[in-house]
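So the chains spell out like this:
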Amino acid sequence: MRHLKEKLILFLVFAAIFSPARSGELLSLRGFCISAPKPAELDAFIRFIDQELAPRKVNTLILRVDYNYEYESHPELRDEKALTKTDVKKLVAACRKDSIRLIPQINLLGHQSWAGSIGNLLKVYPQFDETPHVKMLEKYEWPNADGLYCKSYCPLHPEVHKVVFELVDEICDVFEADAFHAGMDEVFYIGDDKCPRCKGSDKADLFAAEVNRIRNHLELENRRLWIWGDRLIDGKTTGIGMWEASMNNTHRAIDRIAKDVMICDWHYERPDQTAVYFAMKGFQVVTCPWRDPEVAVGQVDDMLRFRRAATPEMKDRFRGIVQTVWTGVDDFLKEFYNKESSDKNTSSNCFRAAFAKIAND
Ligand SMILES: [Zn+2]
């Protein structure tokens, strides 16, 4: 019996050593993106990092912080209940322990309002609004007469960058981050005809100039810029449309921005294969699923296939997968640990499916 056991162990050791390059194909970037926890959610979220992200070999955590931090450079922009420096250091320590790279996000350019409420930047500095003539709706609905999805700041306002770069520097410092995610998705208001600074400008030029400006600022501290990819895809020609791609002529910016900007290419309805487009243009790219497990598994398959089929020049530009979650931490954790739910298409199920697929390939 003992002999048999020894044989079995030997067999398992050899099988592990000589199994066909499984570990070699583990995608190098395995990410998760969610709102930064509110102070009351912090401990539960740190447990989630330890018990769920680390065992699944997640190595990158993007936290959408925005104004959920007690900024010292701009206390006027803090959310009412915001993370303290001590809170953030707990996140930093938890991620460091599990070898997870932590990347903070503040939405720059677009997403300066959400539904019926204006974000802190434009609330405090209304002069930065690209479209001050567009009034917030008391009862928000989409579509609406002004095409108001989210407000943008004016990228040519002479004072906006001083404020936002102070926030960016502070949040990167406290998170000890070597990369920063600036959002920049779904920018519908750009180069508005009524903006005295931007009217008549090429929207692709405006978008590219803003990306490069943020990128150059980050480079001063050897930090790298990450953005969502949708504004760089031609929504009309591809048929991908106005959300996951651009219908307002920003897509030509793809040839005008620095190639070291990391592209987070999100597609939620279909596994659109635009990662290839970004890689061919010279960008590193991650594909981002949301809540459809079948789409996510397809996206993991695609990413692995792109890597196998790529030229040596392109292979490492196909970096991996980032699961995106668009609820707050509390709601997400309830969903994640609710075994009773029969809802198939949730970001929890999507996350479990995508990371099971990554681990088993
Ligand atoms: Zn403007």
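Residues numbered from 1 in each chain as written. Predicted model: local features only at pLDDT ≥ 70, side-chain atom pairs only at ≥ 80, totals over all residues. Heavy atoms only, no water.

1. Let's talk about the overall build of the protein
Stage number 1. Scanning the protein from terminus to terminus reveals twelve helices and ten strands.
Stage number 2. Relative to the compact-globule value of 21 Å for 361 residues, the protein shows a C-alpha radius of gyration of 22 Å, a close match.
Stage number 3. The C-alpha extent of the protein, read off along each of the three principal axes, is 85 × 45 × 45 Å.
Stage number 4. Taking all 361 residues of the protein together, 53% fall into the buried category.
Stage number 5. Accessible surface, the protein: about 17000 Å² in total, of which carbon and sulfur atoms supply 53%.
Stage number 6. A gap of 5 Å separates the mean positions of the 50 positive and 55 negative side-chain charges of the protein. (Helix = DSSP H or I, 4+ residues; strand = E, 2+ residues; numbered from the N terminus. Rg over C-alpha atoms; globule rule 2.2 N^0.38 Å. Buried < 20%, exposed > 50% of the residue type's maximum accessible area, 1.4 Å probe, protein only. Areas by Shrake-Rupley, 256 points an atom, 1.4 Å probe, with all protein chains shown as cover. Lys, Arg positive; Asp, Glu negative; His and termini not counted. Charge placed at Lys NZ, Arg CZ, Asp CG, Glu CD.)

2. What to know about the coordination of the zinc ion
Stage number 1. Looking at the zinc ion, the protein donor atoms are E130 (OE), C154 (SG), C195 (SG) and C198 (SG), and they sit 2.2 to 2.3 Å from it.
Stage number 2. Taken together, the four donor atoms coordinating the zinc ion and their angles of 98 to 118 degrees define a geometry best described as tetrahedral. (Donors = N, O, S within 2.8 Å, 3.2 Å for Na, K, Ca; no water. Tetrahedral: all angles 85-135°; square planar, octahedral: opposite > 155°, others 65-115°.)

3. Regarding the sheet that holds strand β8 (residues 262–266)
Sheets are built from strands paired through backbone hydrogen bonds, the pairs being either parallel or antiparallel.
Stage number 1. Taken in spatial order, the eight strands close into a barrel running β1-β2-β3-β6-β7-β8-β9-β10, and their pairing is parallel. Pairwise comparison of adjacent strand axes, ignoring direction, gives a mean angle of 25 degrees for this sheet.
Stage number 2. As paired strands, strand β3 (residues 101–108) and strand β6 (residues 179–183) are joined by two bridges and run parallel to one another. The residue of β6 that forms the bridge with L108 is G183.
Stage number 3. Each of β3, β6 and β7 (224–228) is contacted by helix α6 (residues 203–219), which is oriented at about 150 degrees to β7, the strand it contacts most. (Pairing = 2+ DSSP bridges. Axes fitted to C-alpha atoms, helices over the stretch in contact; angles between N-to-C directions. Contact = heavy atoms within 4.5 Å.)

4. Side note on the state of the cysteines
Structurally, a disulfide amounts to a covalent bond that connects the sulfur atoms of two cysteines.
Stage number 1. Across all of its chains, the model carries zero disulfides by this definition.
Stage number 2. Here C95 stays unpaired: no disulfide links it, and the sulfur of C33, its closest cysteine neighbor, is 13 Å away.
Stage number 3. Take C95: its relative accessible area is 1%, and that puts it in the buried class. (Disulfide = S-S within 2.5 Å.)

5. Digging into the environment of E269
Stage number 1. Here E269 is to be found in the loop between β8 and α8 (275–280).
Stage number 2. For E269, a relative accessible area of 58% puts it in the exposed group.
Stage number 3. Here the alpha-carbon distance between E269 and S348, two residues 79 residues apart in the chain, equals 16 Å.
Stage number 4. With near-sequence residues (within four places) excluded, E269 lies in contact with E244 and V295.

6. Some words on the packing of helix α3 (residues 85–97) against helix α5 (residues 160–175)
Two quantities define a packed helix pair, namely the angle between the helix axes and the distance between the axes.
Stage number 1. Axis separation between α3 and α5 bottoms out at 9 Å; the angle between their running directions is 55 degrees. By the angle class used here, α3 and α5 are oblique. Residues K85, V88, K89, L91 and V92 of α3 form the contact with α5, whose participating residues are D173, V174 and F175.
Stage number 2. Looking at side-chain class alone, the contact of α3 with α5 contains five nonpolar, no polar and three charged residues. (Parallel < 35°, antiparallel > 145°, perpendicular 65-115°, else oblique. Nonpolar A, V, L, I, M, F, W, Y, C, P; charged D, E, K, R; others polar.)

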